[in-house]
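Results of the structural survey
Chain by chain, the residues run as shown.
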Amino acid sequence: MPHRRDFLRSAAALPALPLLARRAAGQPPPDVVSFSGLIVREAEPRNLEFPFTTLDRFVLPTERFYVRNHFAVPKIDPADWKLKVEGAVEKPLELTLDELKKLPSATRPVTLECAGNGRVFLTPKASGVAWQLGAVGNAEWTGVSLAAVLDRAGVSTKADTAEVVLEGADQGAITADPKSPGPIHFARSLPIRKARQPEVMLAWAMNGADLTPDHGSPLRAVVPGWYGMASVKWLTRLVVTERPFRGWWQTLHYSYFVREGGLPVLRSLSEIQVKASIARPALGEVVPAKSTHRVFGAAWTGEGEIARVEVSTDGGTTWADATLIDKSVKYCWRLWEYLWKTPDRRGKYTLMARATDSRGRTQPAQRNPDLRGYAIHHVIPVEVEVR
Ligand SMILES: Nc1nc2c(c(=O)[nH]1)N[C@H]1C(S)=C(S)[C@@H](COP(=O)(O)O)O[C@H]1N2
Ligand SMILES: [Mo]
């Protein structure tokens, strides 16, 4: 049994309604998890995973948020840092952090998921960081809308193919195939339509404190609804282009195949695909027979909202609705739980979760290989032992 004080502390962090409902029903308190650090997937550059089995709240503290860096963290002195805005604009700008902070700001929770999250579950094996389930997190971001900054510079093109390239201060040469043309910065673009959406922000704070170096200090993009690669860190430059940007991170990396008229063509990754992940029980966990056991996790999607999460405890033969916890917050993960009446019969059982969003998109059972090593959102089974 957890210590009473620990229980109270974690109960305070958990959503209230299901807890009260659970008490009323005389059910056990939710499982209590303490934070056990991030998992090092790569030491340098730093790539750190959130141990998804420790999920216990809607907003993760910064020290529990995954880190995905392609290059060494750049050393930036915020005092002489500037954001350049150039390209197809009426008035090229150079903005200091103080100038940016004087524009109207907002704070909102947004879930970021790395496009490679879950890659370790792919067969055949895909190249790239071998993330399990935890290259995802939900934090509160404070900043100005990208649209406000674009308005100040005045976008001078009317082309509907126009884009905004976001460039980071970090750089390096990619020496493995497909090689980069010498040292390059991390840079990604957004179509002008997405760039102008009010939810897309240039953020200087995460969870109420200045960004840490790992998370993009002093300024990063936060692009809700898109995979993490769009949320460029250590921003130094915005370039408005008339035509789609075809940079390395947009074409040779972070791209997938779509079939157009029977022809496979590459497209840049963008929107997050609907997905539910099981946090607990963990793979191989021993679950008591003939009991009520909480299956708990999170689900998220791109531009829609999570409408439903279903759980199967028999390897996908039958499905039952999970309970969605708290209110839906657009662009954020939704916690869910399912109280599993565990069977009398001991043995191995395969748990699965699948989410459906408000646009009727359901997680696929099978992996689509056209997605290459990205957007891993098919149902991932979790085998547990009932004893
Ligand atoms: N400049 C820069 N921005 C970047 C990256 C990077 O390597 N360099 N990684 C991207 C990727 S792939 C992801 S998933 C997110 C991760 O953000 P986090 O490290 O704050 O979790 O940052 C994105 N922004
Ligand atoms: Mo990523």
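Residues numbered from 1 in each chain as written. Chains lettered and ligands numbered in written order. Predicted model: local features only at pLDDT ≥ 70, side-chain atom pairs only at ≥ 80, totals over all residues. Heavy atoms only, no water.

1. Considerations on the layout of surface pockets
The space that makes up the largest pocket amounts to roughly 650 Å³. Along the wall of the largest pocket there are 32 residues; nearest its centre are R119, S127, G128, H253 and Y374. Looking at the lining of the largest pocket, its residues break down into 17 nonpolar, nine polar and six charged. Reported here for the second largest pocket is a volume of approximately 350 Å³. Taken together, 21 residues line the second largest pocket, and the ones lying closest to its centre are E163, S189, P244, Q250 and S268. Only β9 (183–191), α5 (192–195), α6 (248–251) and β15 (263–268) provide two or more residues apiece to the lining of the second largest pocket. Class assignment of the residues belonging to the lining of the second largest pocket gives a composition of eight nonpolar, seven polar and six charged. (1 Å grid on protein atoms, 1.4 Å probe; cavity = no way out; pocket = protein on both sides within 12 Å on 5 of 7 lines; lining within 4 Å. Points joined across faces, edges and corners; volume = space filled by probe spheres on them. Nonpolar A, V, L, I, M, F, W, Y, C, P; charged D, E, K, R; others polar. Helix = DSSP H or I, 4+ residues; strand = E, 2+ residues; numbered from the N terminus.)

2. Brief notes about unusual backbone geometry
Looking along the chain, the bond that leaves S217 and enters P218 is cis, with omega of 5°. On the secondary structure map, P218 appears in the loop between β11 (209–210) and β12 (220–222). Phi is positive for Y254, close to 50°, though the residue is something other than glycine. Among the secondary structure elements, Y254 is positioned in the loop between α6 and β14 (255–260). Positive phi outside glycine occurs at K290, with the angle close to 50°. Assignment of secondary structure puts K290 in the loop between β17 (286–287) and β18 (292–300). Residue K290 is classed as exposed on the basis of its relative accessible area of 64%. (Buried < 20%, exposed > 50% of the residue type's maximum accessible area, 1.4 Å probe, protein only.)

3. Some points on the packing of aromatic side chains
For any pair of aromatic rings, the description rests on two quantities: the centre-to-centre distance and the angle between the ring planes. Tallied over the full model, the rule gives 11 aromatic pairs. Seen in terms of ring centroids, F52 and W300 are 6.5 Å apart; in terms of plane orientation they differ by 65°. Their pairing is edge-to-face. In this pair, F52 is assigned in the loop between β2 (47–49) and β3 (67–68) and W300 in strand β18, connecting sequence segments 248 residues apart. Judged by centre distance (6.2 Å) and plane angle (50°), the rings of W300 and W333 are tilted. Pair noted here: W300 is in strand β18 and W333 is in the loop between β21 (323–324) and β22 (334–341), with a separation of 33 residues, a long-range link. Owing to a relative accessible area of 1%, W300 belongs among the buried residues under this scheme. Each member of the aromatic cluster is reached from another via a ring pair, and the members are F50, F52, W300 and W333. Geometry around W319 places R354 over its ring, the cationic atom sitting 3.9 Å from the centre. (Phe/Tyr/Trp six-rings, centres within 6.5 Å; stacked < 30°, edge-to-face > 60°. Lys NZ or Arg CZ within 6 Å of the ring centre and 35° of its normal.)

4. A short note on the nonpolar core
Counting residues in hydrophobic clusters, the biggest one holds 65 residues, and the most contacted among them are F52, L100, L202 and L238. When residues of this core are assigned to their parent elements, the largest contribution, four residues, is made by helix α4 (residues 146–153). Residues contacting F52, with those up to four places away along its chain left out, are L133, G134, V136, S277, I278, A279, A298, W300 and W333. Core analysis: the second largest hydrophobic core is formed by 21 residues, V274, I278, V295 and V386 among them. (Core = buried A, V, L, I, M, F, W, Y, C linked by side-chain atoms within 4.5 Å. Contact = heavy atoms within 4.5 Å.)

5. Points about empty space enclosed by the protein
Under the counting rule described, the total for this entry stands at six cavities of 30 Å³ or more. By volume, the largest cavity amounts to about 240 Å³. Lining the largest cavity are 19 residues, with R68, R220, G228, S231 and K233 sitting closest to its centre. By residue class, the composition of the lining of the largest cavity is 10 nonpolar, five polar and four charged. The volume enclosed by the second largest cavity comes to roughly 90 Å³. The wall of the second largest cavity is formed by 13 residues, among which L133, A276, S277, I278 and I380 lie closest to the centre. Among the elements that make up the lining of the second largest cavity, the one with the highest residue count is strand β16 (residues 275–280) (four residues). The residue makeup of the lining of the second largest cavity, split by class, is eight nonpolar, four polar and one charged.

6. Examining the pattern of salt bridges
This model, assessed by the stated rule, comprises 19 salt bridges. The salt bridge involving R46 is made with D214; its shortest N-O contact spans 2.8 Å. Here D214 lies in the loop between β11 and β12 and R46 lies in the loop between β1 (39–42) and β2, a separation of 168 residues in the sequence. Taking the relative accessible area as the measure of exposure, R46 reaches 37% and is therefore partly exposed. With its nearest N and O atoms 3.0 Å apart, the salt bridge here joins R57 to D56. (Salt bridge = Lys/Arg side-chain N within 4 Å of Asp/Glu carboxyl O.)

7. A few points about the confidence of the model for the protein chain
When the pLDDT values of the protein chain are averaged, the result is 92; 91% of them are 70 or greater. No element of the protein chain has a lower mean pLDDT than helix α1 (residues 4–13), at 36, and none a higher one than β12, at 99. This stretch, residues 1–17, has a pLDDT under 50; its non-local contacts, to residues over four places away or in other chains, come to 16 contacts. (pLDDT = per-residue confidence, 0-100.)

8. A look at the site of ligand 1
Looking at ligand 1, there are 19 residues lining it, with Y66, D170, H215, R220 and K233 nearest. At 2.6 Å from an oxygen atom of ligand 1 is found a side-chain nitrogen or oxygen belonging to H215. Protein chains shield 100% of the accessible area of ligand 1, which is 530 Å² for the free molecule. Under a 2 Å grid-point criterion requiring more than half of the atoms, the pocket assigned to ligand 1 is the largest cavity. Looking at the shell around ligand 1, the elements with two or more residues in it are β3 and β8 (163–173). (Near = heavy atom within 4 Å. Polar contact = N/O pair within 3.5 Å; in protein donor to acceptor, adjacent residues only side chain to side chain. Areas by Shrake-Rupley, 256 points an atom, 1.4 Å probe, with all protein chains shown as cover. Sits in = over half its atoms within 2 Å of the grid points.)

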